Amino acid sequence: MQYLVSVIDDKSNPGSTDRQPAISAFNERLITEGHWVFAGGLADTDAATVVDNRGEQPVFSDGPFVESKEYLAGLWVWEAPDLDVALKLAAEASKVCDRKIEVRPFR
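Computed from a predicted structure; not experimentally measured. (Residues numbered from 1 in each chain as written. Predicted model: local features only at pLDDT ≥ 70, side-chain atom pairs only at ≥ 80, totals over all residues. Heavy atoms only, no water.)

Here we take up the packing of aromatic side chains. In total, this model carries three aromatic pairs according to the counting rule given. The interplanar angle of 70° and the centroid separation of 5.7 Å between the aromatic rings of F26 and W76 together place this pair among those described as edge-to-face. Note that F26 is positioned in helix α1 (residues 20–32) and W76 in strand β5 (residues 70–79), a separation of 50 residues in sequence. Here the two residues F26 and W76 agree in accessibility, since each one is buried. Plain terms: the ring middles of W76 and W78 are 5.4 Å apart, the flat faces sit at 40° to each other, and that makes the pair tilted. (Phe/Tyr/Trp six-rings, centres within 6.5 Å; stacked < 30°, edge-to-face > 60°. Helix = DSSP H or I, 4+ residues; strand = E, 2+ residues; numbered from the N terminus. Buried < 20%, exposed > 50% of the residue type's maximum accessible area, 1.4 Å probe, protein only.)

Reading across from one edge, β2-β5-β1-β6 is the order of the four strands in this open sheet, with antiparallel pairing throughout. The sheet terminates laterally at β2 (36–41) and β6 (100–105), the two strands that pair on one side only. Adjacent strand axes in the sheet meet at a mean angle of 20°, parallel and antiparallel pairs treated alike. Bridge count between strand β1 (residues 2–10) and β6: six bridges; the pairing is antiparallel. Bridging across to β6, V5 finds its partner in V103. The strands touched by α1 are β2 and β5; relative to β5, the strand with the most contacts, the crossing angle is about 30°. Helix α2 (residues 83–97) contacts β1, β5 and β6 of the sheet and is inclined by roughly 155° relative to β6. (Pairing = 2+ DSSP bridges. Axes fitted to C-alpha atoms, helices over the stretch in contact; angles between N-to-C directions. Contact = heavy atoms within 4.5 Å.)

Here D9 shows up in strand β1. The exposure class assigned to D9 is buried, which follows from its relative accessible area of 7%. In terms of polar contacts, D9 uses its side chain to reach the backbone amide nitrogen of G15, at 3.0 Å. Within the local environment of D9, its side chain forms a polar contact with the side chain of R99, the two groups lying 3.0 Å apart. (Polar contact = N/O pair within 3.5 Å; in protein donor to acceptor, adjacent residues only side chain to side chain.)

Our next topic: the packing of α1 against α2. Remark: α1 packs on α2, axes separated minimally by 9 Å, with the N-to-C direction vectors making an angle of 155°. With respect to α2, the element α1 is oriented roughly antiparallel. Classified by chirality, the crossing of α2 by α1 is left-handed. Contacts between α1 and α2 involve A22, I23, F26, R29 and L30 on the former and, on the latter, L89, E92, A93, V96 and C97. Here the residues of the contact of α1 with α2 sort into eight nonpolar, no polar and two charged. (Parallel < 35°, antiparallel > 145°, perpendicular 65-115°, else oblique. Left-handed = near helix turned anticlockwise from the far one by under 90°. Nonpolar A, V, L, I, M, F, W, Y, C, P; charged D, E, K, R; others polar.)

Listed below in structure tokens is the structure:
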């Protein structure tokens, strides 16, 4: 089963910025154990553009699709045999990157 693992940061109380070495080591472990599918960090929400082409013409809007103090800072896609394994890894990921984590299975 694959899981989308969202890294959630908080503009009013951001996580530590010195976590990259620990995150890299965690990523290496994910790769070694066969959980790694994909990962990436995202630019700040100020760099976002929302595209809505449900009408006659596409509409392009600057900024995130929703204004919030919390935002998606990055993501992983993991392969795990079940939700329990994904949640155990997510607890470790939260500690490693000093941010909240959301885990959602793909359908």
